[in-house]
Amino acid sequence: MGALIAKGALVILLDLPASIERHGVPSGAHAFSVDARDAAGVEKVFAEIEERFTAIDGLVNLVGFSRERQLVSETSDDLWHEVTDGNLNSAFYITRSALPLLKRGHDPAIVNTSSGLALKPTPGYGPYSVSKAGILALTRLLAQENAPVVRANAVAPSAVDTAFLHGGTGRGGDDRSTTRMDVEAYLKTVPLARLAEAEDIVGPILFLLSRQSAYITGQTLHVNGGLLMV
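Criteria and thresholds
- Starting afresh in each chain, residues are numbered from 1 along the sequence in its written order.
- Given that the model is predicted, a residue must reach a pLDDT of at least 70 before its local features are reported, and side-chain atom pairs must reach 80 or more before they are shown or counted; all residues, however, enter totals for whole chains, interfaces and linings.
- Side-chain calculation: all heavy atoms of the structure are included, whereas hydrogens and water are not.
- Helical segments are the DSSP runs of H or I of at least four residues, strand segments are the runs of E of at least two, and each set is numbered from the N terminus.
- The globule rule used here is 2.2 Å times the number of residues to the 0.38 power, and the radius of gyration it is set against is calculated over C-alpha atoms.
- Each residue gets one of three labels from its accessible area relative to the maximum for its type: buried under 20%, exposed over 50%, partly exposed in between, using a 1.4 Å probe on protein chains only.
- The pairing criterion for strands is at least two bridges between them, as found by DSSP.
- With the strands pointing away from the viewer, any crossover whose connection runs clockwise from the first strand over the helix to the second is right-handed.
- Pairing of aromatic rings covers Phe, Tyr and Trp, the last through its six-membered ring, and needs centres within 6.5 Å; plane angles under 30 degrees mean stacked, over 60 mean edge-to-face, and all others mean tilted.
- Pairing of N or O atoms within 3.5 Å defines a polar contact, subject to two protein rules: one partner must be a possible hydrogen donor and the other a possible acceptor, and residues neighboring in sequence count only if both atoms are side-chain atoms.
- For this analysis, residues touch if any pair of their heavy atoms sits within 4.5 Å.
- Note on definitions: salt bridges are taken to be side-chain nitrogens of Lys or Arg within 4 Å of carboxyl oxygens of Asp or Glu.
- Axis definition: a line fit to C-alpha positions, over the contact stretch in the case of helices; interaxial angles, taken between N-to-C directions, run 0 to 180 degrees.
- By the definition adopted for this analysis, an angle is roughly parallel if under 35 degrees, roughly antiparallel if over 145, roughly perpendicular if from 65 to 115, and oblique otherwise.
- Should the near helix be turned anticlockwise from the far one by less than a right angle, the crossing is termed left-handed; should it be turned clockwise, right-handed.
- Any residue outside Ala, Val, Leu, Ile, Met, Phe, Trp, Tyr, Cys, Pro, Asp, Glu, Lys and Arg is labelled polar, Gly included; the first ten of those are nonpolar and the last four are charged.
- Nonpolar cores are built from buried Ala, Val, Leu, Ile, Met, Phe, Trp, Tyr and Cys residues. Side-chain atoms within 4.5 Å join them into one set.
- By definition here, a helix of n residues has an expected span of 1.5 Å times n minus one.
- This arc describes the spread of directions from the helix axis toward the C-beta atoms.

Details of the overall build of the protein
- The helix and strand tally for the protein stands at seven helices and six strands.
- Counting from the amino terminus, the protein carries its helices and strands in the arrangement α-β-α-β-α-β-α-β-α-β-α-α-β.
- In terms of overall size, the protein behaves like a compact globule, its C-alpha atoms giving a radius of gyration of 17 Å where 230 residues would be expected to give roughly 17 Å.
- Dimensions of the protein, computed from the C-alpha atoms along their principal axes, are close to 50 × 35 × 35 Å.
- The buried share among the 230 residues of the protein stands at 42%.

Written out as structure tokens, the structure is:
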């Protein structure tokens with residue numbers, strides 16, 4: 001968000017009320033509270049956005065979270081639905097509501113956030129892997145259905161050293177002392193031998209939003225330090 005503001009963009013931020021309260025709203029951004037899992041709530045907030053802004057030029061879908069690791073055979077209905085709602089359904093609701101504004105924008109582009117776990121599922125991350133794989137399918141559908149007006153691409157990061165590793169900012173994830181993964185063991189599998197940082201993901205997102213990627217749509221840009229090479 002800060003990188004977009006630095007480039008002169010007017011940024012519209014959608015987040016959980018708790019996250020907005022905890023982190024505040026940067027100068028140059030307009031914040032709207034919403035739980036992206038609530039289809040009606042998403043529609044309502046985009047109606048409010050449309051009252052203030054006639055169009056949007058880009059959409060970055062960062063919404064998502066994971067839960068404790070469990071095998072599929074042990075995963076409850078509630079956990080499965082919570083994670084898929086928070087990752088896949090939320091992206092669908094947001095994109096569906098944003099498309100009318102995007103189609104009125106200037107060189108509009110969508111960037112969805114998937115994960116390396118979408119292509120290389122790891123035991124214990126069932127609902128997360130499946131929902132992030134769904135994001136890739138959704139991205140390709142959006143690219144086809146909305147061409148040539150709106151481009152749609154995805155970034156697929158590996159583990160990033162942000163609050164997401166600890167549950168997400170709306171779920172108490174600011175405590176960096178706890179994490180749901182064995183970071184030391186994980187790093188032994190990464191050729192670049194470190195966790196991704198937020199800045200590692202910002203550049204690819206900016207690229208996919210910009211005219212520098214004007215002939216790219218329906219693609220997935222993997223940002224994983226060499227962990228997954230495709």
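Focus on the pairing of strand β1 (residues 11-15)
- Bridge count between β1 and strand β2 (residues 29-33): five bridges; the pairing is parallel. Bridging across to β2, aspartate 15 finds its partner in serine 33.
- The parallel pair β1 and β2, bridged by helix α2 (residues 17-23), forms a crossover whose chirality is right-handed.

Some remarks on the packing of aromatic side chains
- Following the criterion strictly, the structure yields one aromatic pair and no others.
- A centroid spacing of 5.6 Å and a plane angle of 50 degrees characterise the contact between phenylalanine 92 and tyrosine 93, whose relative ring orientation is tilted.

Focus on the side chain of asparagine 224
- Locating asparagine 224 in the fold gives a position in the segment after β6 (220-223).
- Polar side-chain contacts of asparagine 224 include one of 2.9 Å to the backbone nitrogen of glycine 226.
- Setting aside its immediate chain neighbours within four residues, asparagine 224 contacts Ser158 and Val190.

Regarding the pattern of salt bridges
- Inspection of the entire model under this criterion finds seven salt bridges.
- A salt bridge links aspartate 200 to arginine 194, with the nearest nitrogen and oxygen atoms 2.8 Å apart.
- Owing to a relative accessible area of 25%, aspartate 200 belongs among the partly exposed residues under this scheme.
- We classify arginine 194 as partly exposed; its relative accessible area is 40%.

A short note on the packing of helix α3 (residues 39-52) against helix α4 (residues 77-102)
- Contact pair α3 / α4: the axes reach a minimum separation of 9 Å and the direction vectors enclose 25 degrees. Relative to α4, the element α3 is oriented roughly parallel. In this structure, α3 meets α4 at a crossing whose hand is right-handed. Residues Ala39, Val42, Glu43, Phe46, Ile49 and Glu50 of α3 touch α4, and the partners they reach there are Tyr93, Ile94, Arg96, Ser97, Ala98 and Leu101.
- By residue class, the composition of the contact of α3 with α4 is eight nonpolar, one polar and three charged.

Structural notes on the side chain of serine 213
- Looking at the secondary structure, you find serine 213 in the loop between α7 (198-209) and β6.
- Classification of serine 213 by relative accessible area gives buried; the value is 0%.
- At 3.2 Å, the side chain of serine 213 and the backbone oxygen of leucine 208 are in polar contact.
- A polar side-chain atom of serine 213 sits 3.0 Å from the main-chain carbonyl oxygen of serine 210.
- Contacts of serine 213, omitting those with residues within four sequence positions, involve Arg151, Phe207 and Leu208.

Some points on the environment of leucine 62
- Along the polypeptide, leucine 62 turns up in the loop between β3 (58-61) and α4.
- In the structure, leucine 62 is positioned 63 residues away from tyrosine 125 in sequence and 18 Å away in space, judged by C-alpha atoms.

Overview of the nonpolar core
- Counting residues in hydrophobic clusters, the biggest one holds 24 residues, and the most contacted among them are Phe46, Leu102 and Ile110.
- When residues of this core are traced back to their parent elements, those giving at least two are α3, α4 and α5 (126-146).
- A per-element tally of this core places α4 first, with seven residues.
- Among residues more than four places away in sequence, those in contact with leucine 102 are Ile56, Asp57, Gly58, Leu59, Pro108, Ala109, Ile110 and Val150.

Observations concerning α3
- Between the first and last C-alpha of α3 there are 21 Å, a value that for 14 residues agrees with the 20 Å anticipated at 1.5 Å per step.
- Among all positions in α3, only Gly41, Val42, Val45, Phe46 and Ile49 are buried. Down the axis of α3, the smallest arc covering the buried residues is 130 degrees, so these residues share one side. Along α3, exposed side chains directed more than 90 degrees from the buried face belong to Ala40, Lys44 and Glu51.

Looking at the environment of histidine 81
- Mapped onto the elements of the fold, histidine 81 is located in helix α4.
- Note: C-alpha distance between histidine 81 and phenylalanine 207 (126 residues apart in sequence) is 33 Å.

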